[in-house]
Amino acid sequence: MSYSPTERQSRQEAPAHTVEVTMPQLGVSMAEGTVAVWHKRAGDWVEAEETVCEITTDKIDSEIPAPASGRVAEILVEADETVPVGTVLARIHTGVRAGEAHPDEQLAAPDAREPAVAAAPDGSAPADRPSDAAAPDASAPADRPSDLGRRDVPAPEHAEDRASHYHSPVVQRIAEREGVDLARVQGSGRGGRVRKQDVLAFIARRDAERSDGAADYARSGEPPLHTESPYREPQSAGAAATAKPQAPPGRVAPAPPGEGERLSRMRRSIAQHMVRSLRTAAHCTSIAEADFSAVQVAREALGLTYLPFVARATIDALRAHPQLNATLEGETLTRHREINLGIAVSLGDDGLVVPVIHDAQDLSHEGLARRITELARQARAGELSPDDVHGGTFTITNPGAFGTVASTPIINQPQVAILDLEAVVKRPVVFSDDAGQDAIAIRPMTYLCLSWDHRALDGAMAAQFLSTLRARIEGWGRT
């Protein structure tokens, strides 16, 4: 059962023995949220802490648990509806017992003298009970309240089969991003249902097993470029050509090519943000080339990758050129003392998210490496809070893992600049030795691409920033 905002405001008083499920305040910057999907319908039994619905705020998904055990009395906000923090999403009637029949079952009983069949402890119907989808009793009133908001869905054969084969959208998204076969995950939920914690534990065990081999490879030779990059290595062309698309367990396979398909909620959010940025900022791009020889020696000694070194060098350059560590909103330019560094993390087909390392100026390159790794893991696991993706003052994106050599990234509004780190590639370059003689050598080189807002900056400021950044990178260990 759902209501318009006006109707919701008129229904202020909740009846006795009723608890409310509200849009939570997941972070200090969160003002509203969108109901992504309901796991329960009006009349369903729900256990305390069991997921009632999922919400999304910008790019963050969260499961909302029931505050108490009982029956869902009414659902006030429909899926895909955006409401402010504190809005009542649903009400749960706690003045009932788990063994009592579902309201639909009581009203649909053909003979009031016959005892109603007791519901299972979790509120599901026993296997020998006729399905809710059966033809309604002609004698039942057509406008009975229990029919409001009711969704007719086929009843499962057994409650345990339903629980063990049903996966929430959050679980499905995590499994798809991480390449997990949910059939291999041992579920700890009711009836063996795979919960979010189960799939995250499975991924942690798998990654721990892989890490030993990766460490051996790193010690024996140069690891792949940007192994810590939040971007993923693409599938090989041969494998991509022969692979058949497979849908994750419990999920419908994607539509074949040629059929229209609505953009996902995250992709729609990204599209709106990028188009708004292009319409708002006067985009310009400046590019500088940098020699990564010194950084390569340092990262191999520590077992790290290029990204944390570039992040630390960027922080130093921003402190020297605070004009770029700024946000522009309307005609107000704010230069920030703290450097809140955003790192773009790819979520594959689901889109892109930019978690923020707050007070990044206080971290060393080793501390930045640990924080980047953790934020990337949280992003792919759907564990970021709204505050984790807000408050950035400068952003780094690094698609170089895919072998690109130059890009013009779109500024992450309301910031005034974004740095693009491209692939570090060995190529011949001309340099001068100590005697002033020119020579040709093979060096690990890359392009540093800076998109900046001409409303707030000029070309000279962008060039000076890149010059300082290049000097920090090429002089690593000597400054």
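Refer to the structure presented above.
Described in the following lines is the structure provided in the data block. Computed from a predicted structure; not experimentally measured. (Residues numbered from 1 in each chain as written. Predicted model: local features only at pLDDT ≥ 70, side-chain atom pairs only at ≥ 80, totals over all residues. Heavy atoms only, no water.)

Our next topic: the overall build of the protein. When helices and strands are counted, the protein shows 11 helices and 19 strands. Counting over 479 residues, the protein shows a buried share of 45%. By sequence separation, contacts in the protein at least 24 residues apart represent 67% of the contacts at least 6 residues apart. Total accessible area computed for the protein in this model is approximately 24,800 Å², and 52% of it derives from carbon and sulfur atoms. (Helix = DSSP H or I, 4+ residues; strand = E, 2+ residues; numbered from the N terminus. Buried < 20%, exposed > 50% of the residue type's maximum accessible area, 1.4 Å probe, protein only. Contact = heavy atoms within 4.5 Å. Areas by Shrake-Rupley, 256 points an atom, 1.4 Å probe, with all protein chains shown as cover.)

Of note, Thr87 is situated in the loop between β7 (82–84) and β8 (88–93). A relative accessible area of 17% means that Thr87 is categorised as buried. Polar side-chain contacts of Thr87 include one of 2.8 Å to the backbone oxygen of Pro84. (Polar contact = N/O pair within 3.5 Å; in protein donor to acceptor, adjacent residues only side chain to side chain.)

Following the criterion strictly, the structure yields three aromatic pairs and no others. Geometrically, the ring pair formed by Phe292 and Tyr306 is edge-to-face, given 5.4 Å between the ring centres and 80° between the ring planes. Here Tyr306 lies in helix α9 (residues 306–320) and Phe292 lies in the loop between β9 (283–291) and α8 (293–302), a separation of 14 residues in the sequence. Assessed through its relative accessible area of 0%, Phe292 is described here as buried. Ring geometry for Phe394 and Phe465: centres 5.8 Å apart, planes at 50°, overall tilted. Taken together, the residues span a long stretch of sequence, with Phe394 in strand β16 (residues 394–397) and Phe465 in helix α11 (residues 459–474) at a distance of 71 residues. On the basis of relative accessible area, Phe394 is assigned to the buried category, the value being 0%. Residue Phe465 is classed as buried on the basis of its relative accessible area of 0%. (Phe/Tyr/Trp six-rings, centres within 6.5 Å; stacked < 30°, edge-to-face > 60°.)

This part covers the nonpolar core. Counting 56 residues, the largest nonpolar core has Phe292, Phe394, Leu419, Leu450, Phe465 and Leu469 as the members making the most contacts within it. Sort the elements by how many residues they give to this core and α9 lands first, with nine residues. What Leu419 contacts, discounting residues up to four positions off in sequence, is Val310, Thr314, Phe394, Thr395, Ile396, Thr397, Leu448, Cys449, Leu450, Leu466 and Leu469. Grouped together as the second largest cluster of nonpolar side chains are 20 residues, Trp38, Cys53, Ala66 and Leu76 included. (Core = buried A, V, L, I, M, F, W, Y, C linked by side-chain atoms within 4.5 Å.)

With respect to topology, four strands assemble into an open sheet ordered β1-β8-β6-β3, the strand pairing being antiparallel. Looking at the sheet topology across the chains shown, the edges are occupied by β1 (18–22) and β3 (45–46). (Pairing = 2+ DSSP bridges.)

Judged by pairing direction, the sheet is antiparallel, and its four strands sit side by side in the order β5-β4-β2-β7 without closing on themselves. With partners counted over all chains shown, the strands left at the sheet margins are β5 (60–65) and β7, one partner each. Taking each pair of neighbouring strands and ignoring which way they run, the sheet shows an average axis angle of 40°. As defined by bridge partners, strand β2 (residues 32–38) adjoins strand β4 (residues 51–57) across four bridges and the pair is classed as antiparallel. Paired with Val35 across the bridge in β4 is Ile55. (Axes fitted to C-alpha atoms, helices over the stretch in contact; angles between N-to-C directions.)

Let us now look at the pattern of salt bridges. Counted by the stated rule, this structure contains 11 salt bridges. Measuring nitrogen to oxygen at the nearest pair gives 3.4 Å for the salt bridge that ties Glu178 to Arg206. Here Glu178 is found in helix α4 (residues 169–178), whereas its partner Arg206 is found in helix α5 (residues 196–220), with 28 residues between them in sequence. Under the relative-accessibility criterion, Arg206 is labelled buried at 13%. Where Glu374 meets Arg377, a salt bridge forms, and the shortest distance between an N and an O atom there is 2.9 Å. (Salt bridge = Lys/Arg side-chain N within 4 Å of Asp/Glu carboxyl O.)

Once that is clear, we can look at the pairing of strand β10 (residues 326–329). As defined by bridge partners, β10 adjoins strand β11 (residues 332–335) across four bridges and the pair is classed as antiparallel. Among the inter-strand pairings, Glu329 is bridged to a residue of β11, identified as Thr332. The loop that links β10 with its antiparallel partner β11 comprises two residues; one of these, Gly330, has a positive phi angle of about 65°.

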